[in-house]
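Structural overview for review
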Amino acid sequence: MAEITQDGRVHFFTHPKDVDFDASPAPWDYNPSAWSQRVPICLIAMVGFLISTYLALYQWRLVPGAFDPVFGEQSQQVLDSNVSHAMRRWLRIPDAALGAFAYLGDAVFGLAGSTRRWQYRPWLVVLFGIDVIPLGIVSAILVLMQGAVVGSWCFLCLVTAVISLVLVALAYDEVWTSLLFLRRVWQRHRDGRLLWKTFCGQPSPAAQQVAAEMTGGR
Amino acid sequence: MLIDFGSAVALATFALLSFWPPTERAHVFNLPVGGGLILAGFLRSSATSVPAAAQNHIMLGLLVLMLAILPSRSNLPPRRWRELLART
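What you see is a predicted model, and the numbers here were worked out from it, not measured in a lab.

Quick word on the overall build of chain A
The number of helices and strands found in chain A is ten helices and two strands. Mapped from its N terminus to its C terminus, chain A presents α and β elements in the order β-β-α-α-α-α-α-α-α-α-α-α. Overall, the C-alpha framework of chain A stretches about 65 × 35 × 30 Å when taken along its three principal axes. A total of 218 residues make up chain A; the buried ones form 49% of that total. Long-range pairs, those at least 24 residues apart, make up 68% of the contacts in chain A with a sequence separation of at least 6. Of the roughly 10,600 Å² that chain A leaves accessible, carbon and sulfur atoms contribute 66%. Taken together, the 17 basic and 16 acidic charged side chains of chain A have centroids lying 8 Å from each other.

Now the structure itself:
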């Protein structure tokens, strides 16, 4: 269904029929932007969000204690450590709340965009990648360092660290595809302005051609 | 109180405008609203004393920033791509 406005613009409210939104871009034999790839990421991110929210609720003292089936009281020592308090003085909010926000961002940015967003909205995929990959790796390293720095371990924090690393493994293919798409556009014309336009989701014959090559003309 | 009411009115206005095709990018104006909420949270707190309301402003501001950058009808290609695809 389409609507043609007075200035001649066409507004589609469904997907354009001539484009294969399930096309697999090189080098993959699947579409990394497909819902089957993105929904699991969002579900796992939501688990991280719920765990982090629970830990933040403890840091806000809205729940009396932090559940830990493995390390017992050590979880609360981690969540109430000097490092945690120092971060709270700096951030003004508990560090677990910021973690919850990051996981929610993973889920929200994972759901936004079409199943061909690696081409149509590279900025969104890159933003999603920044949220998942560098932030995920840094948070996982910080959590894994807690034993050395704080001297205690927090089971749920370790679970969120594992979730972060799983998300990195699941998300990198789509980010790589978008970066590869942008790189090929750049290599074709060496035009910074064209690259920026492509990154921002503006069409051009060059971007269309590169995408067609990556998907085998689909 | 004024911050809460003003932010709510601005958020609702820009969010509603973003549903209308001629102003579909109005959601971007919610970015300064989110930034303002975070700034208000920091200005109303100190390293030693952070009122609950200030934390609420910071959390809400972060949430608004995250949602404000999402385009309208993000499940579809951007409008210019749709126009190009319609012509080809």
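Moving on, there is more to tell.
Considering a positive patch on the surface
Together, R193 and K197 of chain A together with R25 and R80 of chain B give the surface a local cluster of positive charge. For R193 of chain A, the position within the fold is in helix 9 (residues 192-199).

Here's the deal with the state of the cysteines
Residues and elements named next belong to chain A. A full pass over the atoms with the stated rule returns one disulfide over all chains. Residue pairing for C154: its cysteine sulfur links by disulfide to C157, the two sulfurs lying 2.3 Å apart. Here the S-S torsion is close to 75°, and the disulfide linking C154 with C157 is therefore right-handed. According to the relative accessible area criterion, C154 is buried, its value standing at 0%.

A few points about the environment of I3 of chain B
Residues and elements named next belong to chain B. By secondary structure assignment, the location of I3 is in helix 1 (residues 2-17). Counting along the chain gives 16 residues from I3 to F19, while the straight-line C-alpha distance between them is 25 Å. Residues within four places of I3 in sequence aside, it is in contact with L37, A40, R44 and H57.

Some remarks on the pattern of salt bridges
Residue and element names in this part refer to chain A. Throughout the structure, instances matching the rule amount to five salt bridges over all chains. Measuring nitrogen to oxygen at the nearest pair gives 3.0 Å for the salt bridge that ties R61 to D80. With a gap of 19 residues between them, R61 in the loop between helix 1 (35-59) and helix 2 (74-79) and D80 in the loop between helix 2 and helix 3 (82-91) connect regions that are remote in the sequence. Assessed through its relative accessible area of 25%, D80 is described here as partly exposed.

As for the confidence of the model for chain A
Residue and element names in this part refer to chain A. Per-residue pLDDT for chain A averages 88, and the proportion of residues at 70 or more is 91%. Per-element confidence in chain A is highest for helix 1, whose mean pLDDT is 96, and lowest for strand 1 (residues 2-4), whose mean pLDDT is 47. Within the model, the stretch residues 10-14 combines pLDDT values under 50 with 23 contacts to residues more than four positions away or in other chains.

Here's the deal with the interface of chain A and chain B
Residue-level contacts link 41 residues of chain A with 32 residues of chain B. Carbon and sulfur atoms make up 70% of the surface buried where chain A meets chain B, a total of about 3,300 Å² over both sides. For the chain A face of the interface with chain B, the top three residues by lost area are R92, F101 and R121 of chain A, together amounting to 21%. Scanning the region where chain A abuts chain B turns up eight residue pairs in polar contact (both at pLDDT 80 or more). Class assignment of the residues belonging to the side of chain A that touches chain B gives a composition of 24 nonpolar, eleven polar and six charged.

Describing the packing of aromatic side chains
Under the criterion given, the structure shown has seven aromatic pairs over all chains. Members of the aromatic cluster, each reached through a chain of ring pairs, are F21 and Y120 of chain A together with W81 of chain B. Just above the ring of Y58 of chain A sits the side chain of R61 of chain A; from NZ or CZ to the centre is 4.5 Å. The lysine or arginine in question, R117 of chain A, covers the ring of F128 of chain A, its NZ or CZ lying 5.0 Å from the ring centre.

Parameters at a glance
Residues numbered from 1 in each chain as written. Chains lettered and ligands numbered in written order. Predicted model: local features only at pLDDT ≥ 70, side-chain atom pairs only at ≥ 80, totals over all residues. Heavy atoms only, no water. Helix = DSSP H or I, 4+ residues; strand = E, 2+ residues; numbered from the N terminus. Buried < 20%, exposed > 50% of the residue type's maximum accessible area, 1.4 Å probe, protein only. Contact = heavy atoms within 4.5 Å. Areas by Shrake-Rupley, 256 points an atom, 1.4 Å probe, with all protein chains shown as cover. Lys, Arg positive; Asp, Glu negative; His and termini not counted. Charge placed at Lys NZ, Arg CZ, Asp CG, Glu CD. Patch = residues over 30% accessible without salt bridge, like charges linked within 9 Å, V, L, I, M, F, W, Y side chains within 5 Å. Salt bridge = Lys/Arg side-chain N within 4 Å of Asp/Glu carboxyl O. Disulfide = S-S within 2.5 Å. pLDDT = per-residue confidence, 0-100. Buried area = accessible area lost by both parts, 1.4 Å probe. Polar contact = N/O pair within 3.5 Å; in protein donor to acceptor, adjacent residues only side chain to side chain. Nonpolar A, V, L, I, M, F, W, Y, C, P; charged D, E, K, R; others polar. Phe/Tyr/Trp six-rings, centres within 6.5 Å; stacked < 30°, edge-to-face > 60°. Lys NZ or Arg CZ within 6 Å of the ring centre and 35° of its normal.

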